[in-house]
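Chain by chain, the residues run as shown.
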Amino acid sequence: MAKVKTHYEDCDILVVGGGMAGTGAAFEARHWGRDLKIICAEKANIDRSGAVAQGLYAINCYMGMQWDENQPEDHVRYARNDLMGLVREDLGYDMARHVDSTVHMFDDWGLPMMKNEKTGRYLREGKWQIMIHGESYKPIVAEAAKKSADKIYNRIMITHLLMDESKENRVGGAVGFNMRTGDYYVFRAKTVIVAAGGASHIFKPRAVGEGMGRTWYAPWSNGSAYALPIAVGAKMTQMENRIVLCRFKDGYGPVGAYFLHLKTYTQNANGENYEKKWYEHTKKLVGEYIDHHPVPTCLRNHAFIQEVAAGGGPIQMVTKEAFQDPHLETVGWENFLGMTVGQAVVWASQNIDPKYTNPELTTSEPYVMGSHATCSGAWVSGPEDLSPPEYFWGYNRMLTVEGLFGAGDTVGGSAHKFSSGSFTEGRLAAKAAVKYIQDQKAEGINVTDKQCEDFKETIYKPLENYTVGRNEITGGTVSPSYILPIQGLQRLQKIMDEYVGGITSNYMTNENMLKRGLELLEWLQEDLENVGAEDYHQLMRAWELKHRALTSQCVTEHTLYRKETRWPGYYYRGDHLKLDDENWHCLTVSRRDPKTGKFTLEKVPVYHIVDEKEKKQAS
Ligand SMILES: Cc1cc2nc3c(=O)[nH]c(=O)nc-3n(C[C@H](O)[C@H](O)[C@H](O)COP(=O)(O)OP(=O)(O)OC[C@H]3O[C@@H](n4cnc5c(N)ncnc54)[C@H](O)[C@@H]3O)c2cc1C
């Protein structure tokens, strides 16, 4: 260990991850904390990091309050409906009431926004989405963060949170390493905002073999946002609420602009509207939820999955009609060029011109995230003016560990934030973190050198494992004493896929499967003590894998706990196939004891704040 150089940085606010939420946090922290020291540590380079790295073609969350297009209440109702009733309405409302101001800043900063020629307003793709020329979306928000933070550290992977040794359950910073130089970094911080994105590659992806690495969600989103807080005993919520996406086959290309703007539609192999066929069947499982408008995303997936299982595939997107219009044809292609070039390449390689061939769709492997259309993530305090007592403990977006805040994919219970809402939530978390410091809540934090040295040894152990273990073999990659990150990743994906409701079992699982999955995950994590890394890049892979494994364990525990099928189309509990509002109209909250590694779970009520407010006003 002596060979590894250590850098110390003391700061007021440490932002972990400089994606959408992290850049929003760095920007807003400077606004409220003029004299505070603000640092951001990012695994990649914030100019092109996170889920928005390649750009986007639409901002998916914009109210348009100034023109009375939508109000925050409408968005809460929309998210609640899409998530089959289960969201944190305080968090959703809080994000929605601020999101327009975020989008207006993006406009001021030079993000090219499309305008409706007739009205002069932002061009709508759908009720919530506005269209942008968003190839440079990420560099634009990164610039705001760079101008705001004291320092941005690129290429640093944060592996562990530091804890205060003078007060229980209070954060003291974070540690990680630079994957180019291998140097060790200790950030002693008064507050930490975790904004490290969602989790892909925990379930076996459809794209294997020559397609390996291709996923819908960003392949570098490795669940650090969950593993970091879980490891220190922060509570998590709705981790069972993974998402499955209906996307263009093999390239995972987006369908939003196609459905909403191009007005394309789906059909089965016989040219039929298959969704109608599954109405009665779905009604038996979920009751009146199938009659909601818009039909919840999971239920549309459900019809797709059932139709394919019944032999009606392949399911196609009917593009041949829309693409006869040269304008719509251009929009269709530009949509990919702005955010998923790979789909255009796949079509070229498979001889698909959507003007003449209706391309195939598929349902993806599951992902875990808190900012898109599902709400897995940390259990956080809501805002003072909206949250009921069970949802409020002093500082907006603070986790159940003091001084530890979250935003974007990190935060559970508040779906449909997307890029603009994640940036907004970063702003909200940063404002609260500044207040926490100004209220003198972060005084006297003590992080000993021993804590930092112990982590240093732990972090670099995979290099040690490899250096020693490779002497036992003369060739190949299979060693008796270490496991390589890719081998561990594939083992993790196989367990999650087969036991926790991935593509192989057609998203089906049950209590026995989940219990067996947990057993296998425990043994995997034991073996990961022996993961070997041949260089710093592989060291990053090793830690990404460990974070994915812990996230997966939490997902599995939650899936076991909720004894119903709340979201058919995302996963099925074969032993509890129906939605059960009587027993499960609640949020699930877990905590892993950092000392024993054991999870405990509880039910927490869902408060329908928006309509309660209206009912009270009416009476
Ligand atoms: C395919 C796809 C399409 C989407 N389409 C749209 C759309 O059309 N419109 C829209 O508005 N939104 C869209 N979104 C959603 C939007 O991208 C996300 O909601 C948003 O990026 C989430 O913000 P975040 O900050 O939580 O995560 P991210 O933006 O992903 O940022 C996480 C950051 O943390 C860093 N990081 C991760 N682990 C560590 C670690 N251990 N240490 C240090 N840094 C770390 C990552 O490198 C990354 O920079 C889409 C997302 C995807 C993946």
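As the structure is a computational prediction, the values presented were derived from the model and not from experiment.

Q: Teacher, can you tell me more about the overall build of the protein chain here?
A: Helix and strand counts for the protein chain come out as 18 helices and 19 strands. The C-alpha atoms of the protein chain give a radius of gyration of 23 Å, which matches the 25 Å a tight globule of 619 residues would have. Counting only C-alpha atoms and orienting by the principal axes, one finds that the protein chain spans roughly 65 × 60 × 50 Å. The buried share among the 619 residues of the protein chain stands at 61%. Here the contacts in the protein chain between residues at least 6 apart in sequence split such that 76% fall between residues at least 24 apart. Carbon and sulfur atoms make up 50% of the accessible area of the protein chain, which amounts to about 23,700 Å² in all.

Q: What should I look at first to understand the site of the ligand in this one?
A: Taken together, 35 residues lie near the ligand, and E42, S49, A58, S371 and S419 sit nearest. Between the ligand and A58, the relevant distance is 2.7 Å, taken from a nitrogen atom to a main-chain nitrogen or oxygen of the residue. Within the complex, 96% of the 1,000 Å² of free accessible area of the ligand lies under protein. Split by residue class, the shell around the ligand holds 18 nonpolar, 14 polar and three charged.

Q: Even after reading the chapter, I still don't get the packing of aromatic side chains, so can you show me in this structure?
A: Considering all chains together, one arrives at 33 aromatic pairs under this definition. Ring geometry for F106 against F423: centres 5.0 Å apart, planes inclined by 80 degrees, an arrangement best described as edge-to-face. Placement of F106 in helix α3 (residues 89–108) and of F423 in helix α12 (residues 418–438) is noted, with a sequence separation of 317 residues between them. For F423, a relative accessible area of 0% gives the class buried. An angle of 90 degrees between the planes, with centres 5.4 Å apart, marks the rings of Y561 and W584 as edge-to-face. Remark: W584 occurs in helix α17 (residues 581–584) and Y561 occurs in helix α16 (residues 536–561); sequence separation between them is 23 residues. Under the relative-accessibility criterion, Y561 is labelled partly exposed at 21%. Three or more aromatic residues link up through ring pairs in this structure, and these residues are F248, Y258, F323, W333, F336 and W347. Directly above the aromatic system of Y391 lies the positively charged group of R88, at a separation of 4.1 Å from the ring centroid. Between K603 and the ring centre of W584, over which it is positioned, the NZ or CZ distance is 4.1 Å.

Q: Please explain the nonpolar core as it appears in this structure.
A: In a soluble, globular protein the nonpolar side chains are often hidden away together inside. L14, L161, F187, V192, Y226 and L404 are the most contacted members of the largest nonpolar core, which totals 96 residues. For this core, the leading source of residues is α16, giving seven residues. Here V192 is in contact with L14, V16, L161, V171, G173, G403, L404 and F405, once residues within four sequence places are set aside. Listed in part, the 28 residues of the second largest apolar core include A21, M398, A407 and A433.

Q: Honestly, the pairing of strand β8 (residues 184–194) in this entry has me stumped. Any pointers?
A: Consecutive side chains along a regular strand alternate between the two faces of the sheet. Most of β8 is tucked away, with nine of its 11 residues classed as buried. Here strand β1 (residues 6–16) pairs with β8 via 10 bridges, running parallel. Across the sheet, the residue bridging to V16 is V194, located in β8. Alignment of strand β7 (residues 171–178) against β8, held across five bridges, turns out to be antiparallel. Opposite G173, over in β8, you have R188 as the bridge partner. Between β7 and β8, which pair antiparallel one after the other, the connecting turn spans five residues, and G182 there sits at a positive phi close to 85 degrees. Pairing between β8 and strand β15 (residues 404–406): three bridges, direction parallel. Bridged to V192 within β15 is L404.

Q: Help me understand helix α4 (residues 137–148) in this model?
A: Two residues of an α-helix separated by three or four positions point the same way, owing to the 3.6 residues in each turn. For α4, built from 12 residues, the straight-helix expectation of 16 Å at 1.5 Å per residue is met to within 8% by its first-to-last C-alpha distance of 17 Å. Listed in full, the buried residues belonging to α4 are Y137, K138, I140, V141, A142, A144, A145 and S148. Buried residues along α4 sit in contact with α1 (20–32), β3 (56–59), α3, β4 (130–134), β5 (151–153) and α12.

Quick notes on the rules
Residues numbered from 1 in each chain as written. Predicted model: local features only at pLDDT ≥ 70, side-chain atom pairs only at ≥ 80, totals over all residues. Heavy atoms only, no water. Helix = DSSP H or I, 4+ residues; strand = E, 2+ residues; numbered from the N terminus. Rg over C-alpha atoms; globule rule 2.2 N^0.38 Å. Buried < 20%, exposed > 50% of the residue type's maximum accessible area, 1.4 Å probe, protein only. Contact = heavy atoms within 4.5 Å. Areas by Shrake-Rupley, 256 points an atom, 1.4 Å probe, with all protein chains shown as cover. Near = heavy atom within 4 Å. Polar contact = N/O pair within 3.5 Å; in protein donor to acceptor, adjacent residues only side chain to side chain. Nonpolar A, V, L, I, M, F, W, Y, C, P; charged D, E, K, R; others polar. Phe/Tyr/Trp six-rings, centres within 6.5 Å; stacked < 30°, edge-to-face > 60°. Lys NZ or Arg CZ within 6 Å of the ring centre and 35° of its normal. Core = buried A, V, L, I, M, F, W, Y, C linked by side-chain atoms within 4.5 Å. Pairing = 2+ DSSP bridges. Expected span 1.5 Å × (residues − 1).

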